[in-house]
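# Coordinates in review
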Amino acid sequence: MLFGIFQAFWDETEKYFQEFEAAVQERRHGDTLYLPAAISVEDLRRTINSRLPEDTPIPSNEWLRLQFSPKDPYTVTALRYTGRFNMKFKVQRRQLRGSHVDSKFACFQYRLLKSFAIHNKEHVHMVCMDDKAIVPIGEPGLEISTGVRPHNRSLAPACGAILGALDHDFHLCGIVPSVAFHISIPESITCSFFNGTVEVTNKDKILQPSNPFRHAAELLHSLRTNYSNDAGRLGQEILLMYTDGGPDHRITYTSVQVSLLCLFVALDLDMLVAGRTAPTLSWVNLAERVMSQLNLALQNVALARERMTDEMEGKVKGMSNIDTVRKACEARPAFKDAFTESMVPVITLLNERFAHLHMKEKPFTANKAATDDQMDALFGYIFTIDPNVDREKLQKKDLTAYKALTDFMQKHCKVMKCKPEMPCNYCNNHPPRMQNFDQLHWVPDPVCIQGADGERYREFSEVYGNTTTEQDRPSLKSSVTTSPADVVHKDLLVTRKVRSYIQCSDCTKPRCVYSNGCLTPGMTKALEDAETENDYVCGAQLFPGDNPHSNSVVVRESVSCASQIEVSYYSSPRTAFQPCCIHCGKFEDLVASTDDYLNGYKERYKVVRPLCQSCKDIGKEPVCWGVNNVSRKRKH
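Notes on the structure in this doc start here. No experiment lies behind these values; they were computed from the predicted model shown.

Turning to the nonpolar core, a few remarks are in order. Residues Phe116, Met126, Leu240, Leu294, Phe335, Phe339 and Leu440 are the most contacted members of the largest nonpolar core, which totals 69 residues. Considering every element that reaches this core, the biggest residue donor is helix H5 (residues 103-119), with nine residues. Discounting chain neighbours no more than four positions away, the residues touching Leu440 are Phe116, Asn120, Ile238, Met271, Met416, Lys419, Met434 and Tyr464. Leu234, Leu263, Tyr402 and Met409 belong to the second largest nonpolar core, which has 42 residues in total.

Below, the structure is given as structure tokens:
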């Protein structure tokens, strides 16, 4: 009878749900949908009531609630729910994952890396690395919450003191926990790799910033302390590293490459493999899973640094950013020492809390951050290859000055010792340690083939030992489909609305940034953060959907790393950008505009875009259009 009375209400509710696109459960085992269209039962009831005539019977909140799916279908209370609407009220998950054109390729490459580790298990040490988000540290007496959402209640006195923290999020100081997850390699690819030991290094974000050499020095110390037989060389001959490819681990950066070469020499490795996840897919990295465990030690915690002397506190009081503090520390060693000491107690506290955590009965280990002397000692190993390398000049353009290093990198483009029959000078003095080194091959690239069920990648046993390339990597292919976002922003993606550019973290090509008006300081800051922190790559969204600038400052998403530089980059009437090669985006080593090679094209075309010498050498021609009209001579 009740169903008949409220039938009009139920029908209108069903129509209301159909007007909204409900989010499907991330790991769905049925057809249950989740409700994003109502804040509460009362809110839903009022909304449906406003859509119906005044005299329509309205059910109670409790009866309306029981028309949904139960939160837990396996409890006794689930019997009270009717399941009329295949939806449930649920807390929103904040784990939406971005996508990338190389996602499938990169995930299978990770599978090949793990298969390689299993194949050479006795000779391989595998480690996954990642940095956790900055833990905010308040000023003396002004404890700031760590920002970790508490999922459990913490043990505290029943009366008296209460758990409390400041309710604002401004902070100058912070701690960056770096995680190194040393994996216990299983026997089979079907077994879990999430087993091993976890090491956490807490670093002051101001005076101990993360960089490639700090990460490498900390890993070197850890490996020599815990995994070395003679306090020098690694117990295994092969080191596999896997990261999310952030700025400190981006293997396309020369500084990162040199830091890896230093590790290669310092540990006397036969092979070093550094892999990374696809952009926006950092969750694939096993070290990312450890972060949720670190949150257990950070929830319901508020932190502040120790107070310095009144003189030193007076100096830091007027400092509002990191650069100001760093400059003060460089100018006044006494201030640096005092500031460092004020951070020691809070770092010690975090080390103690992390030490309470366990990974499958194995306790976490808290390490000290690498010192400047340790980083200098690590860098010294590069002199074994080239004594002329300058640590302050490690950009790609600087490599031309380091002939020995360049020759070594070209010969060992894959960081692996030479075969015994053709050793270089370094490998002659440091021969391979593996007995069957001649049977060791590099980790293969995914090779795509057409199968009965569509395209698939060849398994490890099919490609190991064969020469492979990245030719099947989707982002290297020029065909790109039109992005739905570009259709929405078609009126914005025009040449006259180009305001700036952002460089891809993979191919370093500049991509135009579009906006209706000039970029405000807030937009400029958000753009800088997107380039340095969010790891922008070609074809990706510039800002996430919840960012206030997501629809006002955009990039063209219908591009890939294989796409040429946009025409708008060269034609913007408002902003003149530095010339770059239209094929690779390189700013340096461009063919001179007065060169005879380009002049030949300029005689035939109105527009000739820049070309670098490297692209010219491999046979690429400049992009031209607008054929010049050649006036014909009149016949007399």
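Okay, the pattern of salt bridges next. Close approach of charged atoms allows side chains of opposite charge to pair. Under the criterion given, the structure shown has 21 salt bridges. When the shortest N-O distance is used, the salt bridge between Arg473 and Glu470 registers 3.1 Å. Within this structure, Arg233, Asp268, Asp270, Lys417 and Arg433 form a network of salt bridges that share partners.

Turning our attention to the environment of Cys173. By secondary structure assignment, the location of Cys173 is in strand S7 (residues 173-183). On the accessibility criterion, Cys173 (0% relative accessible area) is buried. For Cys173 and Ala304, which are 131 residues apart along the polypeptide, the C-alpha to C-alpha distance reads 8.6 Å. Residues contacting Cys173, with those up to four places away along its chain left out, are Pro136, Ile137, Glu139, Lys205, Ile206, Arg305, Phe339 and Met343.

Here we take up unusual backbone geometry. Not every positive phi belongs to a glycine, and Asp268 is a case in point at roughly 50°. Mapped onto the elements, Asp268 comes out in the loop between helix H7 (254-266) and strand S10 (271-276). Here the phi dihedral of Asp589 falls at roughly 60°; this positive angle occurs in a residue that is not glycine. Following the sequence through the fold, Asp589 ends up in the loop between helix H18 (567-571) and helix H19 (596-602). For Asp589, a relative accessible area of 44% translates into the label partly exposed.

The next point concerns the sheet that holds strand S17 (residues 498-503). The antiparallel open sheet is built from three strands, whose spatial order is S17-S18-S19. If you trace the sheet from one side to the other, it starts and ends with S17 and strand S19 (553-555), each paired once. Across this sheet, the average inter-strand angle for adjacent strands is 35°, counted without regard to direction. Alignment of S17 against strand S18 (residues 510-515), held across five bridges, turns out to be antiparallel. For Ile502, the partnering residue across the bridge sits in S18 and is Arg511.

Rules behind the numbers
- Residues numbered from 1 in each chain as written.
- Predicted model: local features only at pLDDT ≥ 70, side-chain atom pairs only at ≥ 80, totals over all residues.
- Heavy atoms only, no water.
- Core = buried A, V, L, I, M, F, W, Y, C linked by side-chain atoms within 4.5 Å.
- Buried < 20%, exposed > 50% of the residue type's maximum accessible area, 1.4 Å probe, protein only.
- Helix = DSSP H or I, 4+ residues; strand = E, 2+ residues; numbered from the N terminus.
- Contact = heavy atoms within 4.5 Å.
- Salt bridge = Lys/Arg side-chain N within 4 Å of Asp/Glu carboxyl O.
- Pairing = 2+ DSSP bridges.
- Axes fitted to C-alpha atoms, helices over the stretch in contact; angles between N-to-C directions.

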